[in-house]
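# A look at the structure
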Amino acid sequence: MSSAQPHPLSCPASLTRRDGLTLSRIVAGMWRMQEWQLTAQQRLRLIEQCLELGVSSFDHADIYGDYGVEALFGEALAMQPGLRQRMQLVSKCGIKLVNAARPAHTIQHYDTSASHISASVEQSLRNLGTDHLDLLLIHRPDPLMDFDVIADTFHALRQAGKVRHFGVSNFSRHQFECLNRRITLSTNQVEFSPLHVDPMFDQTFDGLQDLGVAPMIWSPLAGGRLFSNNDAAGQRVRAAIEQVAAELQQPFASVVFAWIMQLPSRPIPLTGTGRISAIAEAVQATRFSLSRSQWFTILRAARGHEVA
Amino acid sequence: MSSAQPHPLSCPASLTRRDGLTLSRIVAGMWRMQEWQLTAQQRLRLIEQCLELGVSSFDHADIYGDYGVEALFGEALAMQPGLRQRMQLVSKCGIKLVNAARPAHTIQHYDTSASHISASVEQSLRNLGTDHLDLLLIHRPDPLMDFDVIADTFHALRQAGKVRHFGVSNFSRHQFECLNRRITLSTNQVEFSPLHVDPMFDQTFDGLQDLGVAPMIWSPLAGGRLFSNNDAAGQRVRAAIEQVAAELQQPFASVVFAWIMQLPSRPIPLTGTGRISAIAEAVQATRFSLSRSQWFTILRAARGHEVA
Amino acid sequence: MSSAQPHPLSCPASLTRRDGLTLSRIVAGMWRMQEWQLTAQQRLRLIEQCLELGVSSFDHADIYGDYGVEALFGEALAMQPGLRQRMQLVSKCGIKLVNAARPAHTIQHYDTSASHISASVEQSLRNLGTDHLDLLLIHRPDPLMDFDVIADTFHALRQAGKVRHFGVSNFSRHQFECLNRRITLSTNQVEFSPLHVDPMFDQTFDGLQDLGVAPMIWSPLAGGRLFSNNDAAGQRVRAAIEQVAAELQQPFASVVFAWIMQLPSRPIPLTGTGRISAIAEAVQATRFSLSRSQWFTILRAARGHEVA
């Protein structure tokens with residue numbers, strides 16, 4: 001990080017689409033919160049530190065941490081209920097895990113029926129201790145999903161004040177557009193990193209840019225593999241990022257987040273960490289950008305070949 | 001089949017699209033009629049038995065049985081001409097086979113020109129002994145097809161009262177939409193079975209659901225390979241279907257038809273058999289449905305992996 | 001070539017889209033002009049011979065010949081400035097090569113920013129010695145391209161009278177449509193030949209036909225590999241083309257150009273040669289067409305299998 005910062009680090013906000021939802025430019029992903037093994041007090045402190053950094057959006061799913069993360073978060077939030085109005089809560093539904101917490105499930109499967117979506121939202125609201133979600137996502141595209149049924153269910157949830165905005169996750173461009181024709185979707189949360197560049201070439205990002213919708217990005221650091229992966233691609237990408245990081249005098253992770261946010265679809269990356277210093281490195285990425293040469297240096301390493 | 005049936009088995013009807021064509025929920029495929037080696041009287045009896053079961057739609061193509069099936073069907077129908085008004089006749093055109101019946105053909109190829117489509121329809125009408133087709137399909141997407149020419153030809157055939165509804169077969173989602181923008185299409189008849197699940201993941205079914213159009217399904221039993229295939233996938237899928245069949249107390253084939261019809265695009269499967277008992281097993285599938293767990297048990301076997 | 005020609009060979013004109021740009025049905029590609037090692041006088045003579053043949057459209061790019069071809073062409077054109085109004089000039093931008101002519105470039109990359117597009121057009125106009133381009137193409141799809149920015153830049157270039165029509169090159173169907181929703185595009189220039197048939201099956205040609213837009217085709221002779229390639233596919237395709245050429249009494253290359261132009265999207269092929277006799281063989285292809293059997297004979301050879 002360059003030594004002199006003119007202002008304290010503060011994450012800007014970002015619209016996911018015109019007249020749509022505002023999230024913080026960096027979203028705090030809670031996926032692994034259970035693994036962080038924090039006391040309720042420590043969890044509250046982490047939430048407060050995020051908010052102090054301007055990271056006001058928190059990403060959940062019903063299933064995270066064996067169906068347990070939402071309640072861990074809710075427990076902390078209940079210690080300072082006033083924080084709720086300063087944050088945006090995102091959750092997901094649609095996957096049914098085989099899990100001790102759900103003994104009725106005999107096979108991992110999807111359920112995008114009206115009854116399951118509604119029941120899952122009710123449970124998320126109870127777990128989080130809130131009366132509404134800011135954003136609800138269908139977690140995975142379900143071969144049995146009925147676009148009309150999902151749209152009707154979303155409309156009813158909005159009508160009831162329980163969910164303000166809707167989106168999907170891991171949907172193809174075409175699947176997104178099918179549902180978006182029935183109800184305005186605010187985002188498609190997809191996997192993307194220098195080790196997983198598919199959405200840049202399979203219409204996902206192009207299609208969202210076309211509609212003026214920002215993707216959310218999960219695993220922007222490839223679940224940590226950017227730091228540890230020692231196969232050819234891993235080494236090549238790491239070396240390229242290190243080179244750019246040295247040129248820009250910025251942290252390695254910040255360069256990755258900046259590389260992602262520079263895409264014209266304006267992706268909104270999630271963090272996956274419980275360390276506030278690592279979240280700050282993501283926020284730091286909102287302060288600088290790469291030159292086109294630097295950007296393509298990382299792309300070339302990611303693909304293993306020059307652009308044509 | 002469960003022992004006590006409250007009502008005699010009767011196949012319901014199904015719209016292929018809003019304000020569109022009504023077919024029976026199960027369609028009797030005539031592809032292999034020549035192989036069944038039936039007398040004209042036996043063919044008539046099979047047609048009557050289908051109609052008694054509520055299976056009122058019969059699927060043909062100009063080329064089936066060395067260009068011979070339509071005439072075999074027409075010969076039987078001529079013995080009871082009154083049956084025509086109780087059935088829907090589907091045929092296809094656009095493939096030119098190298099065949100003794102067509103000595104002019106020197107290479108297997110496609111022809112979607114206006115003159116070939118019109119001539120093929122005239123021949124189908126003569127063979128079937130009818131003055132109109134209820135549904136005409138372009139059999140395969142032709143690299144030389146001109147969407148405007150096909151649409152104009154379809155319009156003219158409808159104007160002349162020779163064909164009432166139009167569709168395609170084996171078209172991609174995008175190809176379907178290109179032609180559907182020019183003339184309303186009633187269906188896309190595609191291959192689908194637990195051994196060929198591509199249409200569920202390549203936009204075909206999603207795209208049809210999006211437009212409110214039901215696909216027709218050929219080879220829903222994978223041309224019999226579901227019963228006989230002994231590679232890993234075959235064994236895995238067969239075991240999963242057997243498990244569900246045992247749970248539901250339904251015939252193996254009925255479970256496959258039900259698995260298919262449960263998709264939100266409301267697929268209309270074809271049978272491929274001349275045995276009325278086997279056609280009845282398909283109709284039986286309209287009477288029950290699988291639980292989501294059962295449905296995903298077969299999907300998992302089909303793909304060889306759990307959903308993500 | 002059949003011995004008796006009723007009229008002198010003359011290339012017809014072709015609209016790239018309704019109310020759009022008119023190009024000659026065959027476009028003279030200047031990609032390799034530098035390699036032809038012609039004097040300015042010889043270059044002028046080649047241009048004049050093209051125009052005499054009715055080949056009035058000349059295809060350039062900023063980068064061709066180490067950023068040098070446009071200036072070679074401009075030098076010749078300056079000797080007969082009156083020719084400008086009888087021709088259509090096409091150029092491209094968006095690729096930045098590592099090249100002695102551009103010492104600032106440190107990595108091969110794309111640049112579709114407003115400033116680079118505008119600067120590249122200005123340079124093309126200077127090099128060609130003209131006040132306008134008839135057609136400007138974005139050379140490659142750029143992961144960093146902002147559809148709105150490109151459309152705005154195109155609008156401004158048209159407003160300023162510097163470029164009359166716009167298009168893209170090597171774009172997917174979806175990418176074409178994203179930009180075409182913002183500014184009317186006249187073409188998508190893609191690679192296609194009997195040795196590279198992807199655009200026929202990946203929605204590119206279908207999508208353009210759907211919109212009434214003609215593709216331009218680069219490397220219709222597969223960069224000469226149609227003549228020299230001795231792998232299985234090369235031998236198979238060459239034999240099929242030779243057979244059709246013998247049947248039609250037409251030159252080998254003419255058959256290839258006719259095979260391409262027969263597609264319903266009405267492709268406009270480029271030549272890649274400095275020999276006027278070879279350009280004439282392309283023009284000759286506008287005078288005849290293949291039977292469907294002949295057309296599919298070449299397709300079968302190209303794919304290595306019969307159509308289904």
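Residues numbered from 1 in each chain as written. Chains lettered and ligands numbered in written order. Predicted model: local features only at pLDDT ≥ 70, side-chain atom pairs only at ≥ 80, totals over all residues. Heavy atoms only, no water.

The accessible area lost on association of the parts is a frequent measure of interface size. Contacts between the two partners involve 22 residues from chain B and, on the opposite side, 22 residues from chain A. Where chain B abuts chain A, roughly 2,000 Å² becomes buried across the two surfaces, and 54% of that area is made up of carbon and sulfur atoms. Interface area lost by chain B to chain A is led by D210(B), R292(B) and A308(B), which between them contribute 32%. On inspection of chain B and its partner chain A, the count reaches 12 residue pairs in polar contact (both at pLDDT 80 or more). Breaking the side of chain B that touches chain A down by element, the ones donating at least two residues are helix 7 (173-180), helix 8 (204-211) and helix 13 (292-303) of chain B. Top element by residues in the side of chain B that touches chain A is helix 13 of chain B. It accounts for 7 residues. Each residue belonging to the side of chain B that touches chain A can be placed in one class, and the counts come to 9 nonpolar, 6 polar and 7 charged. (Contact = heavy atoms within 4.5 Å. Buried area = accessible area lost by both parts, 1.4 Å probe. Polar contact = N/O pair within 3.5 Å; in protein donor to acceptor, adjacent residues only side chain to side chain. Helix = DSSP H or I, 4+ residues; strand = E, 2+ residues; numbered from the N terminus. Nonpolar A, V, L, I, M, F, W, Y, C, P; charged D, E, K, R; others polar.)

Regions with low pLDDT carry predicted coordinates that are not meant to be interpreted in detail. Mean pLDDT over chain A: 96, with 98% of residues reaching 70 or higher. For this predicted complex, the interface confidence score (ipTM) comes to 0.95, while the overall pTM stands at 0.96. (pLDDT = per-residue confidence, 0-100.)

The subject of this paragraph is the interface of chain B and chain C. Across the contact, 22 residues belong to chain B and 22 residues belong to chain C. Taken together, both faces of the contact between chain B and chain C bury some 1,900 Å²; the carbon and sulfur share is 54%. Summed over the three residues of chain B that lose the most area to chain C, namely I107(B), L144(B) and H174(B), the buried surface amounts to 35% of that side. Put simply, chain B and chain C have 4 salt bridges between them. (Salt bridge = Lys/Arg side-chain N within 4 Å of Asp/Glu carboxyl O.)

This part covers the sheet that holds strand 10 (residues 188-191) of chain C. Residues and elements named next belong to chain C. A barrel is described by the order of its strands in space; here 8 strands give the closed sequence 3-4-5-8-9-10-11-12, paired in parallel fashion. Averaged over all neighbouring strand pairs, the angle between strand axes comes to 30°, with direction disregarded. Of the strand pairs in this sheet, strand 11 (residues 216-218) and strand 12 (residues 268-271) are connected by 2 bridges, and their pairing is parallel. Each residue of the ladder has a partner; that of I217, found in strand 12, is P269. Its contacts with the sheet put helix 6 (residues 147-159) on strand 8 (133-138) and strand 9 (163-169), and the angle it makes with strand 9 is roughly 150°. (Pairing = 2+ DSSP bridges. Axes fitted to C-alpha atoms, helices over the stretch in contact; angles between N-to-C directions.)

It is worth spelling out empty space enclosed by the protein at this point. For the structure shown, the criterion picks out 3 cavities of 30 Å³ or more. Computed from the structure, the largest cavity encloses a volume of approximately 70 Å³. Considered class by class, the residues forming the lining of the largest cavity number 6 nonpolar, 2 polar and 2 charged. When its volume is computed, the second largest cavity comes out at roughly 50 Å³. Lining the second largest cavity we find P143(A), M200(B), F205(B), D206(B), Q209(B), L263(B), P264(B) and S265(B). Each residue belonging to the lining of the second largest cavity can be placed in one class, and the counts come to 5 nonpolar, 2 polar and 1 charged. (1 Å grid on protein atoms, 1.4 Å probe; cavity = no way out; pocket = protein on both sides within 12 Å on 5 of 7 lines; lining within 4 Å. Points joined across faces, edges and corners; volume = space filled by probe spheres on them.)

Here a ring pair, both rings aromatic, is described through the centre-centre distance and the interplanar angle of the planes. Residue and element names in this part refer to chain A. On inspection of all chains with the given rule, the structure shows 27 aromatic pairs over all chains. Ring geometry for W31 against Y64: centres 6.4 Å apart, planes inclined by 45°, an arrangement best described as tilted. On the criterion of sequence distance, the pair formed by W31 in the loop between strand 3 (27-29) and helix 1 (33-36) and Y64 in helix 3 (residues 64-67) is long-range, its members being 33 residues apart. Look at W31 and you get partly exposed, because its relative accessible area is 44%. A relative accessible area of 10% places Y64 in the buried class. (Phe/Tyr/Trp six-rings, centres within 6.5 Å; stacked < 30°, edge-to-face > 60°. Buried < 20%, exposed > 50% of the residue type's maximum accessible area, 1.4 Å probe, protein only.)

To continue, consider the relation of the copies chain B and chain A. Of the transformation superimposing chain B on chain A, the axial component is 0.0 Å and the angular component is 120°, with the fit at an RMSD of 0.0 Å. One copy is carried onto the other by what is essentially a three-fold rotation axis. Of the C-alpha atoms belonging to chain B, the one lying closest to the rotation axis is found on H174(B), 6.1 Å away. Interface residue correspondence from chain B to chain A reaches only 5%, placing this contact among heterologous pairings that use different surfaces. (Least-squares fit on C-alpha atoms with pLDDT ≥ 70 in both.)

Let us now look at the pairing of strand 5 (residues 88-93) of chain B. Residues and elements named next belong to chain B. The buried count for strand 5 comes to 6 of 6 residues, which makes it a mostly enclosed element. Covered by surrounding structure in strand 5 are Q88, V90 and K92 together with L89, S91 and C93, the residues of both alternating faces. In this sheet, strand 5 lies alongside strand 4 (residues 57-59) in parallel orientation, the contact comprising 3 bridges. Residue pairing across strands places F58 opposite L89, the latter belonging to strand 5. One ladder, built from 4 bridges, connects strand 5 with strand 8 (residues 133-138); its direction is parallel. When the sheet's bridge partners are listed, K92 is paired in strand 8 with L137.

Moving on, we come to the relation of the copies chain B and chain C. Taken as rigid bodies, chain B and chain C are interconverted by a rotation of 120° and an axial shift of 0.0 Å, the fit giving an RMSD of 0.0 Å. Comparing contact sets, just 5% of the residues at the interface of chain B also lie at the interface in chain C, consistent with a heterologous contact between different surfaces.

Turning our attention to helix 5 (residues 114-128) of chain A. All names here are of chain A. Its 15 residues place the ends of helix 5 21 Å apart at the C-alpha level, agreeing with the 21 Å of an ideal helix rising 1.5 Å per residue. For helix 5, the complete set of buried residues consists of H116, I117, S120, V121, S124, L125, N127 and L128. Down the axis of helix 5, the sector holding all buried residues measures 170°, keeping them to one side. With respect to the buried face of helix 5, the exposed residues turned more than 90 degrees away are S115 and R126. Summarising the contacts, the buried residues of helix 5 are in contact with helix 4 (69-77), strand 5 (88-93), strand 6 (95-96), strand 8 (133-138), helix 6 (147-159) and strand 9 (163-169). Following helix 5 by one or two positions, G129 adopts a phi angle in the positive range, close to 70°. (Expected span 1.5 Å × (residues − 1). Arc of directions from axis to C-beta.)

Below, the discussion takes up the UniProt feature "domain: NADP-dependent oxidoreductase" (unreviewed entry) in chain A. As annotated in UniProt, the feature "domain: NADP-dependent oxidoreductase" (unreviewed entry) corresponds to residues 25-298 of chain A in the numbering used here. Secondary structure across residues 25-298 of chain A divides into 45% helix and 15% strand, with the first and last C-alpha atoms of the span separated by 22 Å. (UniProt positions renumbered as here; feature names shortened; annotations may be inferred.)

Turning our attention to the pattern of salt bridges. Taken as a whole, this structure holds 42 salt bridges over all chains when the rule is applied. Linking E306(B) and R300(B) is a salt bridge whose minimum nitrogen-to-oxygen distance equals 3.4 Å. With relative accessibility at 33%, the residue R300(B) sits in the partly exposed group. For E75(C), the salt bridge goes to R43(C), with nearest N and O atoms at 2.8 Å. A residue pair is termed long-range when its members are at least 10 positions apart, and E75(C) in helix 4 (residues 69-77) and R43(C) in helix 2 (residues 40-53) qualify at 32 residues. Under the relative-accessibility criterion, E75(C) is labelled partly exposed at 41%. Each of K96(A), D111(A), D142(A) and R292(B) takes part in salt bridges that share partners, so that together they form one network.

Consider a sheet: its strands pair through backbone hydrogen bonds, and that pairing is either parallel or antiparallel. All names here are of chain B. Spatially, 3-4-5-8-9-10-11-12 is the arrangement adopted by the 8 strands of the closed barrel, whose pairing is parallel. Neighbour to neighbour, the strand axes of the sheet diverge by 30° on average, direction disregarded. Looking at chain direction, strand 10 (residues 188-191) and strand 11 (residues 216-218) are connected through 3 bridges and run parallel. When the sheet's bridge partners are listed, Q189 is paired in strand 11 with M216.

Our next topic: the packing of helix 2 (residues 40-53) of chain A against helix 12 (residues 276-284) of chain A. Residues and elements named next belong to chain A. Two numbers describe how helix 2 lies on helix 12: the axes approach to 11 Å, and their chain directions differ by 20°. Looking at the two axes, helix 2 sits roughly parallel to helix 12. Once helix 2 is placed against helix 12, the crossing between them reads as right-handed. Every residue of helix 12 that contacts helix 2 at L46, Q49, C50 and L53 is listed here: I276, I279, A280 and V283. In the contact of helix 2 with helix 12, the residues fall into 7 nonpolar, 1 polar and no charged. (Parallel < 35°, antiparallel > 145°, perpendicular 65-115°, else oblique. Left-handed = near helix turned anticlockwise from the far one by under 90°.)

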